[in-house]
Amino acid sequence: GGDIVYAYPGSMIGIMSDKAVSAISRKDSAMMAKIDAIHAKGERLDDPFIAASYGYIDDVIYPAKTRSEIIKAIKMFSNKRFMEIPPKYMNNQAL
């Protein structure tokens, strides 16, 4: 994963669009009820604001603010150090 994840307001967050989820879950009446309730409120399942409310993305930014937000993120992580942890699968020591 990334240290910071941003999205634009019109972006789609998820592996499927609303139409694809609706087509797949047509047979499940409980799921369709949830989807219809979200659509009745005028929202989308792949809305970035919903993903931000669950913490999947850090912030929803407008395109005009992209440069300043990226500069802030670079400054925030300028002192970040990586830990060299050896992979577990390379432990081939003779017994």
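Residues numbered from 1 in each chain as written. Predicted model: local features only at pLDDT ≥ 70, side-chain atom pairs only at ≥ 80, totals over all residues. Heavy atoms only, no water.

### Concerning the side chain of Glu69
Here's step 1: Note on placement: Glu69 falls in helix 4 (residues 66-76).
Here's step 2: By relative accessible area, which is 15% here, Glu69 ends up buried.
Here's step 3: For Glu69, the contacting residues outside a window of four places in its chain are Tyr6 and Ile61. (Helix = DSSP H or I, 4+ residues; strand = E, 2+ residues; numbered from the N terminus. Buried < 20%, exposed > 50% of the residue type's maximum accessible area, 1.4 Å probe, protein only. Contact = heavy atoms within 4.5 Å.)

### Some thoughts on the layout of surface pockets
Rolled over the atoms, a probe as big as a water molecule pinpoints where empty space is left.
Here's step 1: In this structure, the largest pocket occupies an estimated 230 Å³ of space.
Here's step 2: In this structure, the largest pocket is lined by Ile13, Ile38, Leu45, Asp46, Asp47, Ile50, Ala51, Tyr54 and Tyr56.
Here's step 3: Class assignment for the residues of the lining of the largest pocket results in 7 nonpolar, no polar and 2 charged. (1 Å grid on protein atoms, 1.4 Å probe; cavity = no way out; pocket = protein on both sides within 12 Å on 5 of 7 lines; lining within 4 Å. Points joined across faces, edges and corners; volume = space filled by probe spheres on them. Nonpolar A, V, L, I, M, F, W, Y, C, P; charged D, E, K, R; others polar.)

### Comments concerning the pattern of salt bridges
Here's step 1: Taken as a whole, this structure holds 3 salt bridges when the rule is applied.
Here's step 2: Among the salt bridges present, the one from Asp46 reaches Arg44, with a minimum N-O distance of 2.8 Å.
Here's step 3: Among the residues examined, Asp46 registers a relative accessible area of 3% and is labelled buried.
Here's step 4: Among the ionic pairs, Lys72 bridges to Glu69, the shortest N-O distance being 3.3 Å. Here the residue Lys72 and the residue Glu69 both occupy positions in helix 4, the gap between them amounting to 3 residues, near one helical turn. (Salt bridge = Lys/Arg side-chain N within 4 Å of Asp/Glu carboxyl O.)

### Focus on the packing of aromatic side chains
Here's step 1: As enumerated under the stated definition, the model contains 1 aromatic pair in all.
Here's step 2: Taken together, a centroid distance of 6.1 Å and an interplanar angle of 35 degrees make the contact between Tyr54 and Tyr56 tilted. Judged on exposure class, the residue Tyr54 and its partner Tyr56 are both exposed. (Phe/Tyr/Trp six-rings, centres within 6.5 Å; stacked < 30°, edge-to-face > 60°.)

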